[in-house]
Structures are given as structure tokens and as C-alpha cells.
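Structural overview for review
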Amino acid sequence: MNYINPPTISVLDAIRARRSIKHFDSTHTMDRNEERNLIELGMLSPTSFNIQNWRFVIVRDTELRKKIRAVSWNQPQITDASLLVILAADLKAWQKNPERYWRHLDQKIQHTIVPLIHSSYGENETKQRDEAHRSIGIAAQTLMLAARGLGYDSCPMGGFDHDAVAELINLPKDHIVSLMLAIGRATTAARPRTGPVDYNDVVFENRFP
């Protein structure tokens, strides 16, 4: 099959070339080493206080993918993509042995930063949730650009029954599901970019007018 994907490209070209693709080659299988490499690139994404609160659920089970597709407006990329990753986050990552996030640094630094993690998040559930979504968003973009750089296409998805998907993947009570990523070999080109807003409509100097 002739794939739409170009060969490995630079980061800048990956940013320009990344598009949301809906149709993937369902016969293509991603090599496990390549898959791990991709996820590990995603794990290099920054998080506040380095709490690394994202969680990546790789869905390989064919029947499970079908069930997820059924609660996701029957989007074909869920079953057809080479890799389906559900991006979740641990809302309580900040309090689960936070010393491990700074274990390679001097203890003096650890003793300064770890209390700051507790005081920053504490019982502030809104901040915990906001931080989780921020972390997932950054990681998702990293994964999509890494995939594009490796010659794959992707599709970020928020259109699904979050509660149903959470149940299907046995999501822990202190976690949330934010979005899904379908990654694979595109079989159709993306549609032309439509309706880009003017630069001056979205960029301001110093403050809003």
C-alpha cells in the first residue's frame, strides 16, 4: 500500500506537517521497540514540579478497541490505527512518594521542593485537575510531533464517553481520562487547512486592548 507519510523529518517540519488523520491502514502493526520509543519521547514532556502525572494506556486488545469505538461515535481510527493511546492522569501523583521525582538531586534540594509540592496542591482538587489536563495536553502534543517526525500520522480525540471509557479500562478512582490518540499509517491525505484566523486576531503585545 502507498502511504501518505513522508520519511523521518525535522521538528520544525513535523510541526508544519502534523495534521489530524481519520483514516489509517488497519493492517499495519507498529514494532514494539518503535512503540516504546514513541511513548518514552512522550514521557520527556514537562510537568509541574516534575510530578509526571500523565498515564499512557496502550490499547492492543481488538475486542476492547471495538467497545471503545462503540462509545466514541463509532470513529474508525480507534480500531484501524496501529496504536491507540488513552491519555489519563493521576490526580494524586503529587502526594505519592514525591521524593522519587527529585531522587537524583541533592537532598537539600529535595527537602526544599517536596514541601512545595504539598503546599501547592494540598487539598486543592481544582488545581490538581487543571494540572492533570495541562500535563496531558503537553504530552499529547509531544507524542503527535514525535509520531510525525517518525513518519506516522495521528488524530487527537476528545469525542467519546469519558465515563464509559474509564470503566472499560478500569481507571482508578483518583485518575481522570482526558483524551485519546490514534497513531498509524495514513491512507488518505488530510483535508486542506481551512479558516485560519489572522495573526493579529490571536497575538497581542503586553496586554489585551
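It should be noted that the structure appears before, not after, this text.
Residues numbered from 1 in each chain as written. Predicted model: local features only at pLDDT ≥ 70, side-chain atom pairs only at ≥ 80, totals over all residues. Heavy atoms only, no water.

Side note on the overall build of the protein chain
When its secondary structure is counted, the protein chain shows eight helices and four strands. Reading the secondary structure of the protein chain in the N-to-C direction produces α-α-β-α-α-β-α-α-β-α-β-α. Its C-alpha atoms put the protein chain at 55 × 50 × 30 Å along the principal axes. Here the protein chain holds 209 residues, and the buried ones make up 42% of them. Long-range pairs, those at least 24 residues apart, make up 80% of the contacts in the protein chain with a sequence separation of at least 6. For the protein chain, the accessible surface area stands at approximately 12,400 Å², while carbon and sulfur atoms represent 52% of it. The averaged location of the 24 negative side-chain charges in the protein chain is 1 Å from the averaged location of its 26 positive side-chain charges. (Helix = DSSP H or I, 4+ residues; strand = E, 2+ residues; numbered from the N terminus. Buried < 20%, exposed > 50% of the residue type's maximum accessible area, 1.4 Å probe, protein only. Contact = heavy atoms within 4.5 Å. Areas by Shrake-Rupley, 256 points an atom, 1.4 Å probe, with all protein chains shown as cover. Lys, Arg positive; Asp, Glu negative; His and termini not counted. Charge placed at Lys NZ, Arg CZ, Asp CG, Glu CD.)

Some thoughts on helix H5 (residues 107-121)
Within an α-helix, residues lying three or four positions from one another point in the same direction, as the helix has 3.6 residues per turn. If you check H5, its first and last C-alpha atoms are 21 Å apart, about what 15 residues at 1.5 Å a residue would give, namely 21 Å. Residues of H5 that are buried: Gln 110, Ile 113, Val 114, Ile 117, Ser 120 and Tyr 121. All buried residues of H5 project into a common sector of 130° when viewed along the axis, lining one side. Residues of H5 that are exposed and point over 90 degrees away from its buried face: Lys 108, His 111 and Ser 119. With its phi angle positive at about 35°, Gly 122 sits one or two positions after the end of H5. (Expected span 1.5 Å × (residues − 1). Arc of directions from axis to C-beta.)

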